[in-house]
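Here is what each chain is made of, one letter per residue.
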Amino acid sequence: MRLYGVVAVGWFRRYATYRIATAAGVFTNTVFGFILAYTYMALWDERPQLGGYDVAQALTYVWLGQALLAAGALMGGGFEDELVERIRTGDVAIDLYRPADLQLWWLAADLGRACFQLLGRGVVPLACGALVFELALPASPLTWLAFLLAVLLGLVVGFAIRYVLALLAFWLLDGTGILQLGMLTGLFFSGMLLPLNVFPGALGEIARALPWSSVLQVPADVLLGERTGSGLLAAYAFQLGWAAVLLVAGRLLQSAAVRRVVVQGG
């Protein structure tokens, strides 16, 4: 496990070197946060308590989304592009023969990246939002700890989704299309555009049951106090369940990919 810890730290440092890009990302997230905040204020002015949120909760949701956007790689920027490129060029064969598990390697790398993005591009926009708007941020440290655990589980689920999509490049001529489709689907069903609580009827039920809701909607509900007690445990179980299913799916695809590489190499 020490190896994967070193990988995580290495990727954290890797992204920490791009200071100008990080500053530009913070600026972009903050600007879009203000745009979305005023849009939400107009919407909630017309529809008070939309989705069960008051205005303060809706604004908190906006800024939380901006804080988690880069960390969750909801608009790309994760490990998946590099993995797809290594599959396309055949360099992944070298990775498969290394004395390290491919899935755990990329999981550690992506968590290191996500940790930096959460600190580098997440904290400042959220702080700016809290200075300008009245947000429904919790006062209890325990709520913040519960939120951070939900974020961590959401990051694992997000990684598992993108890992499965990236491995499909072994059987596709180009993995770019499937990654873009996954990104668009994730933006919609994570709740980045609108809270999933706003979605009506069956669409809302389906959206909240899909794995992408683990990345943003579930952590947001925890932070906003919508998940407490048994509801909080149910939220964690939901995230853990999807993480297990998707990681196993990735493991099966990885094994199939290894057999494919061995056959072609032979």
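Each remark here, short or long, concerns the structure printed above.
Residues numbered from 1 in each chain as written. Predicted model: local features only at pLDDT ≥ 70, side-chain atom pairs only at ≥ 80, totals over all residues. Heavy atoms only, no water.

A. Here's a closer look at the packing of aromatic side chains. Tallied over the entire structure, the rule returns 18 aromatic pairs. Aromatic side chains F79 and F159 sit 5.0 Å apart centroid to centroid with 40° between the ring planes, which places their arrangement in the tilted category. Linking F79 in the loop between α3 (55–69) and α4 (80–89) with F159 in helix α7 (residues 141–167), this pair joins segments that are 80 residues apart in sequence. Considering the side-chain rings of F188 and F189, the 4.9 Å spacing of their centres and the 90° angle between planes classify their relative orientation as edge-to-face. Exposure remark for F188: the relative accessible area of 30% places this residue in the partly exposed category. An aromatic cluster is present here, built from W11, Y15, F79, W106, F159 and Y163 joined pairwise through their rings. Its end group placed over the ring of W11, R14 keeps NZ or CZ at 4.3 Å from the ring centre. (Phe/Tyr/Trp six-rings, centres within 6.5 Å; stacked < 30°, edge-to-face > 60°. Helix = DSSP H or I, 4+ residues; strand = E, 2+ residues; numbered from the N terminus. Buried < 20%, exposed > 50% of the residue type's maximum accessible area, 1.4 Å probe, protein only. Lys NZ or Arg CZ within 6 Å of the ring centre and 35° of its normal.)

B. A look at helix α2 (residues 19–46). With 28 residues, α2 should cover 40 Å at 1.5 Å per step; its first-to-last C-alpha distance of 41 Å lies within 8% of that length. Turning to α2, its buried residues number three or more, namely T22, G25, V26, N29, T30, G33, A37, Y40 and W44. (Expected span 1.5 Å × (residues − 1).)

C. Highlighting the layout of surface pockets. Approximately 250 Å³ is the volume found for the largest pocket. Together, 20 residues line the largest pocket, and A73, E80, R162, L179 and M183 are the ones closest to its centre. Only α4, α7 and α8 (176–189) provide two or more residues apiece to the lining of the largest pocket. Broken down by element, the lining of the largest pocket gets its largest block of residues, seven residues, from α8. Class assignment for the residues of the lining of the largest pocket results in nine nonpolar, eight polar and three charged. (1 Å grid on protein atoms, 1.4 Å probe; cavity = no way out; pocket = protein on both sides within 12 Å on 5 of 7 lines; lining within 4 Å. Points joined across faces, edges and corners; volume = space filled by probe spheres on them. Nonpolar A, V, L, I, M, F, W, Y, C, P; charged D, E, K, R; others polar.)

D. Representation of helix α6 (residues 102–132). If you check α6, its first and last C-alpha atoms are 44 Å apart, about what 31 residues at 1.5 Å a residue would give, namely 45 Å. Along α6, the helix axis deviates most sharply at G122, where the bend reaches about 40°; the proline P125 sits within four residues downstream. Where α6 begins, the side chain of D101 points an oxygen toward the backbone nitrogen of Q103, at a separation of 3.1 Å. (Bend = angle between axes of the 7 residues up to and from the residue. Polar contact = N/O pair within 3.5 Å; in protein donor to acceptor, adjacent residues only side chain to side chain.)

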